[in-house]
Amino acid sequence: MAIRTRLVDEDTDTLPEDIDDLDKVYFEKMKKEGVDEDLLAQFLDLTQSLNADIEE
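Keep in mind it's a predicted model, so treat the numbers as computed, not measured. (Residues numbered from 1 in each chain as written. Predicted model: local features only at pLDDT ≥ 70, side-chain atom pairs only at ≥ 80, totals over all residues. Heavy atoms only, no water.)

Draft legend 1. Fine view of the side chain of T47. Assignment of secondary structure puts T47 in helix α3 (residues 37–55). According to the relative accessible area criterion, T47 is buried, its value standing at 7%. Polar side-chain contacts of T47 include one of 2.8 Å to the backbone oxygen of F43. In contact with T47, other than residues within four places in its own chain, are I19 and D23. (Helix = DSSP H or I, 4+ residues; strand = E, 2+ residues; numbered from the N terminus. Buried < 20%, exposed > 50% of the residue type's maximum accessible area, 1.4 Å probe, protein only. Polar contact = N/O pair within 3.5 Å; in protein donor to acceptor, adjacent residues only side chain to side chain. Contact = heavy atoms within 4.5 Å.)

Draft legend 2. Focus on the nonpolar core. The biggest cluster of nonpolar side chains holds 7 residues, and these are L15, I19, F27, M30, L40, F43 and L44. Of all the elements in the fold, those that place two or more residues in this core are α2 (21–32) and α3. Dropping the residues within four chain positions of it, L40 is found in contact with F27, M30, K31 and V35. (Core = buried A, V, L, I, M, F, W, Y, C linked by side-chain atoms within 4.5 Å.)

Draft legend 3. Structural detail: the packing of aromatic side chains. What the rule picks out here adds up to 2 aromatic pairs. Centroid distance F27 to F43: 6.4 Å. Interplanar angle 20°. Geometry classified as stacked. Separated by 16 residues along the polypeptide, F27 in helix α2 and F43 in helix α3 bring together distant segments of the chain. Residue classification places F27 among the buried residues on the basis of a relative accessible area of 6%. By relative accessible area, which is 16% here, F43 ends up buried. Cluster of aromatic residues (ring-pair linked, three or more members): Y26, F27 and F43. (Phe/Tyr/Trp six-rings, centres within 6.5 Å; stacked < 30°, edge-to-face > 60°.)

Draft legend 4. Highlighting α2. The end-to-end C-alpha distance of α2 is 17 Å, a good match for the 16 Å that 12 residues give at a rise of 1.5 Å each. Buried residues of α2: K24, F27, E28 and M30, and no others. Axial view of α2: buried residues confined to an arc of 165°, hence all on one face. Across from the buried face of α2, at angles greater than 90 degrees, the exposed residues are L22, K29 and K32. Measuring from the backbone nitrogen of L22 back to the side-chain oxygen at the start of α2 gives 2.9 Å, which picks out D20 as the cap. Downstream of α2 by a residue or two, G34 has a phi angle that is positive, lying close to 95°. (Expected span 1.5 Å × (residues − 1). Arc of directions from axis to C-beta.)

Right, here's the structure in full:
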């Protein structure tokens, strides 16, 4: 059994490349649960910021 499975659909394909696969799954779950678009945008900003900090 695979440990990680990447979701491939039009929503996750529009996300930035530097977003981790697990963050993409979490983003999709929040979107399906009806989280506000502004909060989803904040999540993406935070995720990108954290990933940039990790790479430095």
